[in-house]
Amino acid sequence: MREPDREIESIEEFDQVVARGTLAGFRVQSVDLTSRTAQLLFTDTSEAVFLGCPMESEAAAKVRAGGALVFPPVPDLPFDPYRGTLYSPMELFEGLTEHGYARTPDALAYAWFQRTKTNGDIFASMLRSIHDDAVSDALDEFLVGTRVVGVMGGHALERGSDGYAGAARLGRALARTGLTVATGGGPGAMEAANLGAYAAPHEDAMLDEALELLGKTPSFRPSIGAWAEAAFAVRERWPDGGASVGIPTWFYGHEPPSAFASHIAKYFANATREDGLLARSTAGVVFLPGAAGTVQEIFDNATPNYYESRGEPTPMVLVDRDHWTRRLPTWPLLEALAEGRSMKARIALVDSVDEAPEALVSLLG
């Protein structure tokens, strides 16, 4: 079986491997090799795979003849299906100030998805699948050795609201305990939790000031550009924020990704994204008030906890007793499901967002 560390995702890694004498069996992802023709001509590439690596025709012919598989770059795509790393906010929003949001890589990928998602073209669906698998691989590599806590909540929560500020405090508190905060990567409660994690290394006053600044642009409607620029202004004023993960989807591409997540795993397939986010939240999930999407996520998480299909149940903390017992009475059903099962000791309902970190820690044991 191929060893997982035999992936090359940068020109520096390529040079290090070549210096050891062989590329045999390695997987090279999206590395521009046009300046490495000599190395490719004189290095063993048997059973290697080159995924989307530009190279001179002479080099491509040689590595194929030497037993390698070469998947060339796909021209005129607004995304790289073979990428070896997660996205950054700067990458997805590149060109925002100069050309507006519609010309950013994020918007162009969404436009491509809108054109191809229902046209039945197997090539387009294959490219989406390859991309999403590459993103999952990069996400797993990034999360090795981390304890991940998911924060779920509604996308409609506006900057400047008490709920948004509470979600930001939650993200900060969780990050300061050493957990890696992961969200659905979009606006609203998701952005707020990523903002809180970003604020974690800074003084407490930073978050208060950032919330005040962001409140002047409460929503991504009517202008995604203005909404994103306000976030980047905060990042510029307070650089070196804490790390967190956002896991959004182009399925809901009208909702822009959070600029406060340091690492973004953006998918085309929403089902892959949702299940992957919950499965990777190994330290539990905090569910903030939301609507249908959050209700679905609660029971998507409850099902493997009920059957223990992913092993020992992970903590679930629902925030806002009135919301989850009266407005959307999800808690009584969750409690009934848990009765008599080991997951019963891993669920909690709290009144306020400020109680959630302590509840999570108590459930973790």
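Our structure's up above, just so we're on the same page.
Residues numbered from 1 in each chain as written. Predicted model: local features only at pLDDT ≥ 70, side-chain atom pairs only at ≥ 80, totals over all residues. Heavy atoms only, no water.

Draft legend 1. View of the overall build of the protein chain. On a plain count of helices and strands, the protein chain comes out with 16 helices and eleven strands. The C-alpha radius of gyration computed for the protein chain amounts to 22 Å, which stays within 12% of the reference 21 Å derived for 365 residues, consistent with globular compactness. Expressed along its principal axes, the backbone C-alpha trace of the protein chain runs to roughly 70 × 50 × 45 Å. Relative to its full complement of 365 residues, the protein chain shows a buried share of 52%. A fraction of 62% describes how many contacts in the protein chain between residues 6 or more apart in sequence connect residues 24 or more apart. Working note: accessible area of the protein chain is about 16,300 Å², and carbon and sulfur atoms make up 53% of it. Treating the 31 positive side-chain charges of the protein chain as one cloud and the 50 negative ones as another, the clouds have centres 3 Å apart. (Helix = DSSP H or I, 4+ residues; strand = E, 2+ residues; numbered from the N terminus. Rg over C-alpha atoms; globule rule 2.2 N^0.38 Å. Buried < 20%, exposed > 50% of the residue type's maximum accessible area, 1.4 Å probe, protein only. Contact = heavy atoms within 4.5 Å. Areas by Shrake-Rupley, 256 points an atom, 1.4 Å probe, with all protein chains shown as cover. Lys, Arg positive; Asp, Glu negative; His and termini not counted. Charge placed at Lys NZ, Arg CZ, Asp CG, Glu CD.)

Draft legend 2. A look at the packing of helix α13 (residues 292-307) against helix α15 (residues 330-338). Axis separation between α13 and α15 bottoms out at 11 Å; the angle between their running directions is 5 degrees. As summarised for this structure, α13 and α15 are arranged roughly parallel, according to the angle between their axes. Along the contact surface, α13 presents Val295, Ile298, Phe299, Ala302 and Tyr306, while α15 presents Thr330, Leu333, Leu334 and Leu337. Here the contact of α13 with α15 is built from residues that sort into eight nonpolar, one polar and no charged. (Axes fitted to C-alpha atoms, helices over the stretch in contact; angles between N-to-C directions. Parallel < 35°, antiparallel > 145°, perpendicular 65-115°, else oblique. Nonpolar A, V, L, I, M, F, W, Y, C, P; charged D, E, K, R; others polar.)

Draft legend 3. The arrangement of the layout of surface pockets in detail. In this structure, the largest pocket encloses a volume near 720 Å³. For the lining of the largest pocket, the elements supplying multiple residues, two or more each, are α8 (162-176), α9 (189-199), α12 (270-280) and α13. (1 Å grid on protein atoms, 1.4 Å probe; cavity = no way out; pocket = protein on both sides within 12 Å on 5 of 7 lines; lining within 4 Å. Points joined across faces, edges and corners; volume = space filled by probe spheres on them.)

Draft legend 4. Region of interest: the sheet that holds strand β5 (residues 148-152). Taken in spatial order, the seven strands of this open sheet run β8-β7-β6-β5-β9-β10-β11, and their pairing is parallel. At either margin of the open sheet sits one strand with a lone partner, and together these are β8 (263-264) and β11 (347-350). Bridging between β5 and strand β6 (residues 180-183) involves four bridges; their strand directions are parallel. Considered in β6, the bridge of Val149 is made with Val181. (Pairing = 2+ DSSP bridges.)

Draft legend 5. Representation of the pairing of β6 in the model. Of the two faces of β6, the one lined by Thr180 and Ala182 and the one lined by Val181 and Thr183 are each fully buried. Once the chain exits β5 it traverses α8 before rejoining the sheet at β6, and the crossover so formed is right-handed. For β6 and strand β7 (residues 245-246), the ladder comprises two bridges, and the chain directions are parallel. Note on β7: the bridge partner recorded for Thr183 is Gly246. (Right-handed = clockwise from strand over helix to strand, strands pointing away.)

Draft legend 6. Seen up close, the side chain of Ser258. Of note, Ser258 is situated in the loop between β7 and β8. Once residues lying within four places of it in the same chain are set aside, the contact partners of Ser258 are Pro89, Gly185, Gly186, Glu191, Asn194, Trp227 and Ile264.

Draft legend 7. Looking closely at the environment of Leu51. With respect to the helices, strands and loops of the structure, Leu51 is situated in strand β3 (residues 49-51). Sequence separation between Leu51 and Glu229 is 178 residues, and the spatial gap between their C-alpha atoms is 34 Å. If we skip the residues at most four places from it in the chain, Leu51 touches Val28, Gln29, Ser30, Phe71 and Tyr82.

Draft legend 8. Expanded view of the nonpolar core. Membership of the largest hydrophobic core comes to 51 residues, with the highest contact counts inside it found for Leu174, Val286, Leu288 and Val317. Breaking this core down by element, the ones donating at least two residues are β5, α8, α9, α10 (204-214), α11 (224-237), β10 (316-319), β11 and α16 (356-364). Excluding residues that lie within four positions of it along the chain, Leu288 makes contacts with Val151, Met152, Gly153, Ala167, Leu170, Ala189, Thr294, Val319, Trp324 and Val353. In this structure, Leu143, Val285, Leu318 and Trp324 belong to the second largest nonpolar core, which totals 40 residues. (Core = buried A, V, L, I, M, F, W, Y, C linked by side-chain atoms within 4.5 Å.)

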